[in-house]
Amino acid sequence: MSQLTDFLSLSYAHLEDHNLHAKEQRLNRTPAHVLQEERLKYLTDEKRIKAVTVLFSDLEGRLHMLDYDKKFIVKSYDNLTFDGSSIRGFTAQRESDLRLRLDWGAFYWAPADFFGAGKVLVFGEVIDKDGSPYVADIRGVLKAFADAQFEKNGYTLNAANEIEGFLFAGADAERRYYETRKFEYVNHGGYYHSLPGDPLRQFIDRSAEVQRAMGFQNEKDHPEVAPSQFEINYSYGEVVAAADQIQLYKFICRQVANSLGMTASFLPKPVVGVNGSGMHTNVSVTKGGKNIFWDPSGEEKLSSFAWEFVDRILTAGNDICVLLNASVNAYRRLDPHFEAPNQIIASAVDRGSMVRIPIGNEKSSRVEVRSVGPDANPYLVMLSVFKTGLEGPTDQVKNLRTAKRYLPDNIYDALSNFNKSKWTTELLTDDIKARYAELKKNSADRCPRLLGTIVKAEEVQFHHEVYNQFLWNQF
């Protein structure tokens, strides 16, 4: 940095203090107008900030970013326009103008060494021309649903996600796959095993440091089962904040990996013959500060309220599958040979179940939805799980929680279930359901259709060339 500049660059300890304070304000539901006034005053007074990065996501969950000059945003924060026709799943070209409204509670201070000095981050809500929330902004839909549950029932919706990924050698390894025809591991240590200082451990350590600085409140991190696979765990949060953290988690990992000359990949099944990556989604509901999923005398110590939640998820398992497993590649992960959660059952012990009941106590009692791919739209995942669990239909069938039913093994069957379902129309509306289905079908049609459903380890060499072509066609 030039000696003539004086841009904001805080220590990681100071960053963590700022972000934890903002997180507490958000958790305590500090009124929006109070946060707006406080943030605008901060931006005005802090001369070392040059720009505000506004983040929003499209219908498929891609994270988009716009940098606004700090002085401009202080004056024009209520009139931030952008071209929606350039965003997949948003407006048609003839009606392209959309606006961004800043969610001042979702405000982050980021490390200057990875995000640039003099910048802060804030999530935006997409607004239509008439000032109403834009229907395809699923973050806004999720926020409205969560707020309504709190106002009507006193429910706070909580989530924590275990997000697995792979670290591959070389920058832009996914984009360059067509040239290299392979992904190269940086580590072969396996589950929980990585020597200090090796590339995977170095990446995990740096990513965890950035997360900690951004208020994630880390719990544990480790290599996963497959070679060069990782998972960095952090504490649960209110549902919209939790979904924001998924977007930031993947953003941080990609940024850190790129700085090390490597690539963090969140494809569910990038490599044949090894475990894929999931995004296990742990959820609970609190009311008045009490976890209403907990019942020490209930089955598996879950309350009847929680079991009803589980029953609704199982009932709609096939209907919402394409919302939780959003890509062609995601269905390669749902292979029972590699601990894949493809059975529409609930179990405390079976890791092949769609829903698992982890060991918990009054504070940690929760339900884990395991059949989620890490490349899914996190806001759509949260909306699907919570709205289904709280308001979805329940099948009146014998042995709903243990009946042998399976999730689809390809995206076409998943789309067929989704399109035929009355519940997904209620979940999303006709308009958004049709937009999403069209995007998924167009993506699927660009890929080979008949790849089989099971890839065995001993068949890896035979399938190598077919799979390479399949993988490339996803990007």
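What counts and what doesn't
- The numbers attached to residues start from 1 for each chain and follow its sequence in the written order.
- Per-residue local features of the predicted model are confined to residues with pLDDT of at least 70, and side-chain atom pairs are confined, for both listing and counting, to 80 or more; whole-chain, interface and lining totals are unaffected and use all residues.
- Side-chain metrics in this entry use all non-hydrogen atoms of the structure; hydrogen atoms and water are not considered.
- Secondary structure follows DSSP: runs of H or I at least 4 residues long count as helices, runs of E at least 2 residues long count as strands, and numbering of each begins at the N terminus.
- The globule rule is 2.2 Å times the number of residues to the power 0.38, and the radius of gyration it is compared with is taken over C-alpha atoms.
- Partly exposed describes any residue whose relative accessible area lies between the buried limit of under 20% and the exposed limit of over 50%, with all areas from a 1.4 Å probe on protein chains only and scaled to the type maximum.
- Here, Shrake-Rupley sampling with a 1.4 Å probe gives the accessible areas, and only protein chains in the shown set may cover a residue.
- In this description, a nonpolar core means a group of buried Ala, Val, Leu, Ile, Met, Phe, Trp, Tyr and Cys residues linked to one another through side-chain atoms lying within 4.5 Å.
- Any two residues whose heavy atoms approach within 4.5 Å at even a single point are treated as in contact.
- Grid points spaced at 1 Å over the protein atoms alone were grouped into cavities, where a 1.4 Å probe fits but cannot get out, and pockets, open sets with protein on both sides within 12 Å along at least five of seven lines, with lining residues defined by an atom within 4 Å of a point.
- Grid points are joined across faces, edges and corners, and a volume is the space filled by probe spheres set on the points.
- Classification convention: Asp, Glu, Lys, Arg as charged; Ala, Val, Leu, Ile, Met, Phe, Trp, Tyr, Cys, Pro as nonpolar; all other residues, Gly among them, as polar.
- We count a salt bridge whenever a side-chain nitrogen from Lys or Arg sits within 4 Å of a carboxyl oxygen from Asp or Glu.
- Under the pairing criterion, centres of Phe, Tyr and Trp rings, with the six-membered ring standing for Trp, must be within 6.5 Å; the plane angle then separates stacked pairs below 30 degrees from edge-to-face pairs above 60, leaving the rest tilted.
- Throughout this description, the term charge over a ring refers to an Arg CZ or Lys NZ atom that lies within 6 Å of the ring centre and within 35 degrees of the ring normal.

## So, the overall build of the protein
And then number 1: Along its length, the protein carries 16 helices and 15 strands.
And then number 2: By the compact-globule yardstick of 23 Å for 475 residues, the protein fits well, its C-alpha radius of gyration being 22 Å.
And then number 3: Overall, the protein is about 65 × 55 × 50 Å in size when its C-alpha atoms are taken along their principal axes.
And then number 4: Across the 475 residues of the protein, 56% fall into the buried class.
And then number 5: Surface summary for the protein: the accessible area is close to 20800 Å², and the carbon and sulfur share equals 49%.

## With respect to the nonpolar core
And then number 1: Of all hydrophobic cores here, the largest spans 129 residues; its most connected members are Phe203, Met214, Phe230 and Phe386.
And then number 2: If one sorts the elements of this core by residue count, helix 8 (residues 239–259) sits on top with 12 residues.
And then number 3: In contact with Phe386, other than residues within four places in its own chain, are Phe145, Leu157, Asn158, Ala159, Val239, Val283, Ser284, Val285 and Phe309.
And then number 4: With eight residues, the next largest nonpolar core counts Phe168, Tyr177, Phe183 and Val274 among its residues.

## With respect to unusual backbone geometry
With glycine set apart, most residues show a phi of negative sign, and most peptide bonds adopt trans.
And then number 1: Even without a glycine there, the phi angle at Lys301 is positive, about 65 degrees.
And then number 2: Here Lys301 lies in the loop between strand 12 (290–291) and helix 9 (304–315).
And then number 3: The phi torsion at Asn399 lies on the positive side, around 55 degrees, for a residue other than glycine.
And then number 4: Its place among the elements puts Asn399 in the loop between helix 12 (378–391) and helix 13 (411–420).

## Digging into the side chain of Thr156
And then number 1: Positionally, Thr156 belongs in strand 6 (residues 155–169).
And then number 2: Contacts of Thr156, omitting those with residues within four sequence positions, involve Arg29, Phe150, Glu238, Ser284, Val285 and Thr286.

## Notes on the layout of surface pockets
And then number 1: Within this model, the second largest pocket holds a volume of roughly 1200 Å³.
And then number 2: Lining the second largest pocket we find 36 residues, and of these Arg62, Glu174, Arg175, Arg254 and Asp375 sit closest to its centre.
And then number 3: At the level of elements, strand 2 (63–69), helix 8, strand 10 (262–265) and helix 15 (430–445) are the ones that each hand at least two residues to the lining of the second largest pocket.
And then number 4: For the lining of the second largest pocket, the residue count by class is 16 nonpolar, nine polar and 11 charged.

## Here we look at the pattern of salt bridges
And then number 1: Following the criterion strictly, the structure yields 24 salt bridges and no others.
And then number 2: A salt bridge links Asp45 to Lys41; the nearest nitrogen and oxygen atoms lie 2.7 Å apart. Separated by four residues within a single helix, Asp45 and Lys41 lie in helix 2 (residues 32–45), roughly one turn from each other.
And then number 3: Taking relative accessible area as the criterion, Asp45 reaches 46% and is therefore assigned partly exposed.
And then number 4: Two residues, Glu125 and Arg101, come together in a salt bridge whose shortest N-O distance is 3.2 Å. Placement of Glu125 in strand 5 (residues 119–127) and of Arg101 in strand 4 (residues 97–109) is noted, with a sequence separation of 24 residues between them.
And then number 5: Residue Arg101 is classed as partly exposed on the basis of its relative accessible area of 39%.

## Describing the packing of aromatic side chains
And then number 1: Considering all chains together, one arrives at 22 aromatic pairs under this definition.
And then number 2: Residues Tyr234 and Tyr249 carry aromatic rings whose centres are separated by 6.0 Å and whose planes lie at 40 degrees to one another, so their mutual orientation is tilted. Within this pair, whereas Tyr234 is found in strand 8 (residues 229–234), its partner Tyr249 is found in helix 8, the two being separated by 15 residues in sequence.
And then number 3: Take Tyr249: its relative accessible area is 0%, and that puts it in the buried class.
And then number 4: Between Phe309 and Phe386, the aromatic rings sit 6.0 Å apart at their centres with planes inclined by 75 degrees, giving edge-to-face as the arrangement. Of this pair, Phe309 sits in helix 9 while Phe386 sits in helix 12, placing them 77 residues apart in sequence.
And then number 5: Residue Phe309 is classed as buried on the basis of its relative accessible area of 0%.
And then number 6: Its end group placed over the ring of Phe150, Arg29 keeps NZ or CZ at 3.7 Å from the ring centre.
And then number 7: Lying across the ring of Phe418, Lys433 places its NZ or CZ 5.6 Å from the centre.

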